[in-house]
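Topology and contacts: notes
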Amino acid sequence: MPTYHYTQPLEIEITPKTTVYKEDGKEICTFQRYYSNKLKRFLDRAMEYRYFLRYDIYDLNDQVIFTCKKVSKKGRVFFQAFDYETKEHFTITYDKWKELVADLLILGKDLNIVIEKELEDWTSYVWEGKEIARWRARVEGEFLIELEIHEESPIQNPAFFVAISQCALYIGS
């Protein structure tokens, strides 16, 4: 099972370009929180860095390969993701939103994945009743992030899981 790791600062307002490594230390991709202009960055600071939320994932040639962003429409919050390689769109929405820790649903053309969110342990990505990936953040001076993707996962692209996890789990709503 491939395992990936990266670190993130404890403060969400810090947005460094971050490298994702495979367990053997090989660089896989990079990512960074993205603002389309300075006004959005300024307004986001006033809203505790949780309103204009977008992460872009880059290949090792610095080309965007995946993006995930938060969308707020008519009081409803969800996320939209796009895979630049496969041209697939995904919607990530809250399920059972009245619960204290709501699960999330990833909806794609032929794909429904449930994110069973845990606050202090592994968060599971579940497809057809089986865990296909899991993600967690441990505090060790900064956040040490780990991602595992099972061989049975219909999606093997770590950029998919990193982008969605950064938006929906690391920052959240």
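Residues numbered from 1 in each chain as written. Predicted model: local features only at pLDDT ≥ 70, side-chain atom pairs only at ≥ 80, totals over all residues. Heavy atoms only, no water.

Side note on the packing of aromatic side chains
- If you walk through the whole model with that rule in mind, you get 9 aromatic pairs.
- Measuring from centroid to centroid gives 4.9 Å for Phe82 and Tyr84, while their planes differ by 85 degrees, and the two rings are edge-to-face.
- In this structure Phe82 comes out as buried when scored by relative accessible area, which is 17%.
- Between Tyr125 and Phe161, the ring centres sit 4.9 Å apart and the planes meet at 90 degrees, which makes this aromatic pair edge-to-face. Residue Tyr125 is located in strand S10 (residues 123–127), and its partner Phe161 is located in helix H2 (residues 158–171); the two are separated by 36 residues in the primary sequence.
- The buried category is assigned to Phe161, whose relative accessible area is 0%.
- In this structure, Lys17 is placed above the aromatic ring of Tyr58, and the distance from its NZ or CZ to the ring centre is 4.3 Å.
- Directly above the ring of Trp122 sits Arg134, whose terminal nitrogen or CZ lies 4.0 Å from the centroid. (Phe/Tyr/Trp six-rings, centres within 6.5 Å; stacked < 30°, edge-to-face > 60°. Buried < 20%, exposed > 50% of the residue type's maximum accessible area, 1.4 Å probe, protein only. Helix = DSSP H or I, 4+ residues; strand = E, 2+ residues; numbered from the N terminus. Lys NZ or Arg CZ within 6 Å of the ring centre and 35° of its normal.)

Considerations on the side chain of Thr93
- Its location among the elements puts Thr93 in strand S7 (residues 88–95).
- Thr93 sits in the buried class, given a relative accessible area of 12%.
- Residues contacting Thr93, with those up to four places away along its chain left out, are Arg76, Phe78, Asp103, Leu104, Leu105 and Leu107. (Contact = heavy atoms within 4.5 Å.)

Overview of the confidence of the model for the protein
- Of all residues in the protein, 92% have pLDDT values of 70 or greater, and the mean over the chain is 88.
- Confidence, read as mean pLDDT per element, is least for helix H1 (residues 38–46) in the protein (73) and greatest for strand S2 (residues 18–22) (97). (pLDDT = per-residue confidence, 0-100.)

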